[in-house]
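These are the residues of each chain, in order.
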Amino acid sequence: MPKTQTRANLNDVATPDPVLPAWYRATVEEALERTGSSANNGLEPSVAAERLSVDGPNELPPPKRTSRLGMFFSQFNDLMVWLLIAAALIAAAGRDFVDAAVIGVILVLNAFLGFIQEDKAQAAVDALREMSAPIATVLRGGSKRSIPARALVVGDVVVLAAGDVVPADMRLIEVADLEVDESSLTGESLPVLKSVEAIDLDHVGLGDQRNLASLGATVQRGRGAGVVVATGSRTELGRIAEYASGQEPVTPLQKELKRVGRAIALFVVGASSIVFISGVTAGRPFDEMALAAIALAVSAIPEALTAVVTITLGVGVKRMAEQNAIIRKMHSVETLGSTDVIVTDKTGTLTLNRMTVVKLDGLGGRLLGEPEFSGDSPEWARALLRAAALVNDSEVTGDDVIGDPTETALVAAAGKVGREKTTAEAEAPRESEIGFTSERKMMTTLHREPDGWVAFTKGAPEVILARCVIDESTRKEAEAAVLGMAENGLRTLAVAERRFAERPVALETAEQQMTLLGLIGLIDPPRAEVPEAMRQAHGAGVRVIMVTGDHEVTARAIATEVGLPESGRVLNGRDIEHFTDAELASALDDATVIARVDPLHKMRIVQALQAKGHVVAVTGDGVNDAPALSAADVGVAMGQTGTEVAKDASDMILADDNFATIVTAIHSGRVVFTNLTKFMRFLLSANASQVFLMFVATVAGLPVPLYPVQLLWTNMATDSLPALALGVDPGEPGIMQRPPRGASEGIITRRSVVSILSRGAVLSVGTLGAYVGVLAAYGVPLTHEAFAPQYAGAVVSAQTAAFTALVIQKLLFSLSFRSRTRSIFSRASAENPLLLAAIAGGIALQMLVVYLPGADRILRTTPLGWTEWSIMLPAILLPVIAIDIAKVVTGRRSAS
């Protein structure tokens, strides 16, 4: 078939013919016919692939982005860059064309590097979005499969369950108590109960189209299926998106960088102005003082700061993704470093989420353990497991059972005793149901049998027992059995039935006056790596609180097994209901387990902890977890079992649903934050030394120690590569033995400002000593007479000595930031080979610009002899050693 004809036919399918009624007016049969689909088989894979190639992926148009050219020029939109541009213009006006040209070249080079990093960062964000893209359950060729939602096409039959985000606009063809939250589209705050009946009306509003489900809506309850009628930009949400544009929020780190940038700019302007005005007032030449002011401004600006921050965060995000922690919101990288409480679910996070039925209790002394499950099991056990397999939403596909882990375990156990789910469903087909919710804690299904009707109910034992007709002794026996299972760490379900001669008018009536069939004990074994992760978390000063819907005794048993402190307090959902906010906050001080928790309780738990100043990470996977995930400082969604609503509300997604991954992410977050602190404090300390050098020498009336072009070279040679090496440092040992940093602690604190200025001052003494020492060695007077022509050669030698001493000193100084307590002469200095390579490379480059013929004309240098080196070496090494000794002494004192 010609391609043009194929496109025309598919467009007829994808876009409803205006002559035909709107989708809500079409019957189920008409909707399937118009989309060329089948309720039982869906689309054939080949047809779906052809439609995808024509209509394109099911995704909204990407947000408008700045062009690459615009991205490049945006690198110049920075206050510190403007100062450098001003310096270049002033240099050019003073006919100092070499300095002006070099400043211009370096500005363009920095812009180019920043552009490359921003482009890479955007590519990394796109890749992470792809990793966390929503998944849809679709029927193709008669088989269910999970595919990325972007691969959906018109005609696909999509299965919906509670917690799903509707992946495309759909005409519903099957519903079972399906309630959908459409507030994001209609503004209606309450979920809408859906149906499949056609609506024979004109101009029905979106909120009243009960047989349609729109992209972006969320399933709150029940299940259903629908045929896709529109994808991507052709959906209702797509039309809305055409009129809206969003912008990523500014992260705390971005705010801090802006704050630091403004502070540096103000400092530069102030210091340069003082030098310029004082010099001109004292009678020194205007052009000379302009040169000094430019040099002072250039010396203070850390050109590599933004690029290194981008690279450091990018490397951190990539490392976390490789460890199954997908970062959705960049601020969570920063926040992880200060997290001091983790509120974690049990099932699937602390445990394997592989439930297994290990015990049946029919009461009255009737017990059966897993080894005894077989076709010869007693009839009461077979009837109990048959009922559990029927009141069950899992599906059998070939040899696989797909669904909730508890329900698949029940189906597997029923199969062992000869009560296969498919056979049972053929004997007693489901006619109606009331789905499980966290509030009801039970699920009921109605089945038609040859001799009448039967309703099966399964759920929490305390809920089921309260609705069964049993005598007091049986109730006490059941409660004792539940407690016994809980003490052994088993999750317990009760199963009951009620039979009817005629179909009940309201299924809710079946949930009263029931007959108890028995109790089922299941276990979900803890993950092997969780106890060690718990130990690491506790060592890092991070409290862990386990929340679970299990019975208190069961929760306590599991908590002990995974490594939570046995002395911790156990709370339950009833406590949370009755506590005031203040009482809850107080009770959480020593709580380690909260049992019988509803998802909505999590929100109060998070807020109570935050009210006491804690930084909280919380895990979640369900629709009702979304408020807690959004409120938490770090919301952590489950990648495998999490609903799309939970993922969308989260800051981080665990690709493996594993608690140990959270602890690993906290470690990575601490390393990233520490690395940011290392290189930012290194850059600012090193540049502060340059400012002190230029300021003191100029105010003292000496020739400028360094020209702007030399300062720019210094920053390029000593800031970029060493700072980058510190930014990707593997992290020093013991980082998880430290308490979390304070929630309000930034990268640059008042205490760190003192450290930055003091270290900068010590370094400047060394460089100034090299400069003055060489001047004195050549007999240059340390007065205005130093400007006399006969001293010009000696001044150039002294400037080259100061230039080289500063470069080498700053490179060696970078080693001090690898560890807070270990000396630069310890083994710690060898643990970052990238930093050692950066130092060696920087020194080699400096030797080239000093001794390579021709370099003197650009950087105004002259070859150095033994006289200069004999003065420079002590000036280089003594300040670095002094700073190292002070660091080791102070670090060990604070650690003791």
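Note that the coordinates shown come from a computational prediction; the quantities given were computed from them, not determined experimentally. (Residues numbered from 1 in each chain as written. Predicted model: local features only at pLDDT ≥ 70, side-chain atom pairs only at ≥ 80, totals over all residues. Heavy atoms only, no water.)

## Re a nonpolar patch on the surface
Stage number 1. A surface patch of nonpolar side chains, about 260 Å² in accessible area, is lined by Leu845, Leu848 and Leu852.
Stage number 2. Mapped onto the elements, leucine 845 comes out in helix α29 (residues 833–851). (Patch = residues over 30% accessible without salt bridge, like charges linked within 9 Å, V, L, I, M, F, W, Y side chains within 5 Å. Areas by Shrake-Rupley, 256 points an atom, 1.4 Å probe, with all protein chains shown as cover. Salt bridge = Lys/Arg side-chain N within 4 Å of Asp/Glu carboxyl O. Helix = DSSP H or I, 4+ residues; strand = E, 2+ residues; numbered from the N terminus.)

## Things to note about the packing of aromatic side chains
Stage number 1. Tallied over the entire structure, the rule returns three aromatic pairs.
Stage number 2. Judged by centre distance (6.1 Å) and plane angle (40°), the ring pair of phenylalanine 682 and phenylalanine 813 falls under tilted. With phenylalanine 682 in helix α25 (residues 659–699) and phenylalanine 813 in helix α28 (residues 792–813), this pair connects stretches of sequence that are 131 residues apart. Considered together, phenylalanine 682 and phenylalanine 813 belong to a single accessibility category, that of buried residues.
Stage number 3. Centre to centre, the rings of phenylalanine 813 and phenylalanine 817 are 5.0 Å apart; their planes meet at 85°, and the pair counts as edge-to-face. When sorted by exposure, phenylalanine 813 lands in the same class as phenylalanine 817, which is buried.
Stage number 4. Among the aromatic residues, those joined into a ring-pair cluster are Phe682, Phe813 and Phe817.
Stage number 5. Here arginine 759 stacks its cationic end above the ring of phenylalanine 817, 5.1 Å away from the centre of that ring.
Stage number 6. Over the ring of tyrosine 707 we find arginine 860, and its NZ or CZ is 4.2 Å from the ring centre. (Phe/Tyr/Trp six-rings, centres within 6.5 Å; stacked < 30°, edge-to-face > 60°. Buried < 20%, exposed > 50% of the residue type's maximum accessible area, 1.4 Å probe, protein only. Lys NZ or Arg CZ within 6 Å of the ring centre and 35° of its normal.)

## So, the sheet that holds strand β14 (residues 430–434)
Stage number 1. Spatial ordering of the open sheet is given by β11-β10-β18-β17-β16-β15-β14, a layout of seven strands whose pairing is antiparallel. The open sheet has two free edges, formed respectively by β11 (366–369) and β14, since each of these has just one partner strand. Here the average twist between neighbouring strands, direction ignored, is 20°.
Stage number 2. The sheet contact formed by strand β17 (residues 491–500) and strand β18 (residues 515–523) spans seven bridges and is antiparallel. The residue of β18 that forms the bridge with threonine 492 is glycine 521.
Stage number 3. Helix-sheet contacts for helix α13 (residues 379–390) involve β10 (356–363), β11, β14, β15 (442–449), β16 (452–459), β17 and β18, and the interaxial angle to β18 is about 80°. (Pairing = 2+ DSSP bridges. Axes fitted to C-alpha atoms, helices over the stretch in contact; angles between N-to-C directions. Contact = heavy atoms within 4.5 Å.)

## A look at the sheet that holds strand β9 (residues 341–345)
Stage number 1. Here we have eight strands laid out as an open sheet, ordered β8-β24-β23-β22-β9-β19-β21-β20, and mixed in their pairing. Bordering the open sheet on either side are β8 (325–327) and β20 (569–572), each of which pairs with just one other strand. Across the sheet, the mean angle separating the axes of adjacent strands is 20° when strand polarity is ignored.
Stage number 2. By the bridge criterion, three bridges tie β8 to strand β24 (residues 652–654) in an arrangement that is antiparallel. Each residue of the ladder has a partner; that of isoleucine 327, found in β24, is methionine 652.
Stage number 3. Strands β19 (543–547), β20 and β21 (591–595) of the sheet are contacted by helix α19 (residues 552–562), whose axis makes an angle of about 140° with β21.

## Digging into α13
Stage number 1. Between its terminal C-alpha atoms α13 stretches 16 Å, which fits the 16 Å expected from twelve residues at 1.5 Å a residue.
Stage number 2. Counting buried positions along α13 gives ten out of twelve residues, so the element sits mostly inside the fold.
Stage number 3. Every buried residue belonging to α13 is among Trp380, Ala381, Arg382, Leu384, Leu385, Arg386, Ala387, Ala388, Ala389 and Leu390, and all of these are buried. (Expected span 1.5 Å × (residues − 1).)

## Overview of unusual backbone geometry
Stage number 1. Here leucine 363, not a glycine, exhibits a phi torsion of approximately 65°, which is positive.
Stage number 2. Mapped onto the secondary structure, leucine 363 falls in strand β10.
Stage number 3. Not every positive phi belongs to a glycine, and arginine 860 is a case in point at roughly 60°.
Stage number 4. If you trace the backbone, arginine 860 turns up in the loop between α30 (855–859) and α31 (866–895).
Stage number 5. Arginine 860 sits in the partly exposed class, given a relative accessible area of 24%.

## Some words on the packing of α28 against α29
Stage number 1. Axis separation between α28 and α29 bottoms out at 9 Å; the angle between their running directions is 170°. Between α28 and α29, the angle is such that the two are roughly antiparallel. Across the interface between the two elements, Thr800, Phe803, Thr804, Val807, Ile808, Leu811 and Leu812 from α28 touch Ala838, Ile839, Gly842, Ile843, Gln846, Met847, Val849 and Val850 from α29.
Stage number 2. Along the lines of polarity and charge, the residues of the contact of α28 with α29 split into eleven nonpolar, four polar and no charged. (Parallel < 35°, antiparallel > 145°, perpendicular 65-115°, else oblique. Nonpolar A, V, L, I, M, F, W, Y, C, P; charged D, E, K, R; others polar.)

## Re the pairing of β16
As a general feature of sheets, a regular strand has side chains that alternate between the two faces.
Stage number 1. Across the eight residues of β16, eight count as buried, placing the element largely inside the fold.
Stage number 2. Across the two faces of β16 the burial is the same, with Gly452, Val454, Phe456 and Lys458 and Trp453, Ala455, Thr457 and Gly459 all buried.
Stage number 3. Summarising the sheet, β15 and β16 pair through eight bridges and their orientation is antiparallel. Counted as the bridge partner of histidine 447 is valine 454 from β16.
Stage number 4. Between β15 and β16, which pair antiparallel in sequence order, lie two residues.

## Some words on empty space enclosed by the protein
Stage number 1. Evaluation of the coordinates by the stated rule reveals one cavity of 30 Å³ or more.
Stage number 2. Empty space within the largest cavity amounts to approximately 40 Å³. (1 Å grid on protein atoms, 1.4 Å probe; cavity = no way out; pocket = protein on both sides within 12 Å on 5 of 7 lines; lining within 4 Å. Points joined across faces, edges and corners; volume = space filled by probe spheres on them.)

## Brief notes about the environment of glutamate 334
Stage number 1. Inspection of the secondary structure puts glutamate 334 in helix α12 (residues 331–336).
Stage number 2. Taking the C-alpha atoms as reference, glutamate 334 lies 7.9 Å from arginine 670; in sequence the two are 336 residues apart.

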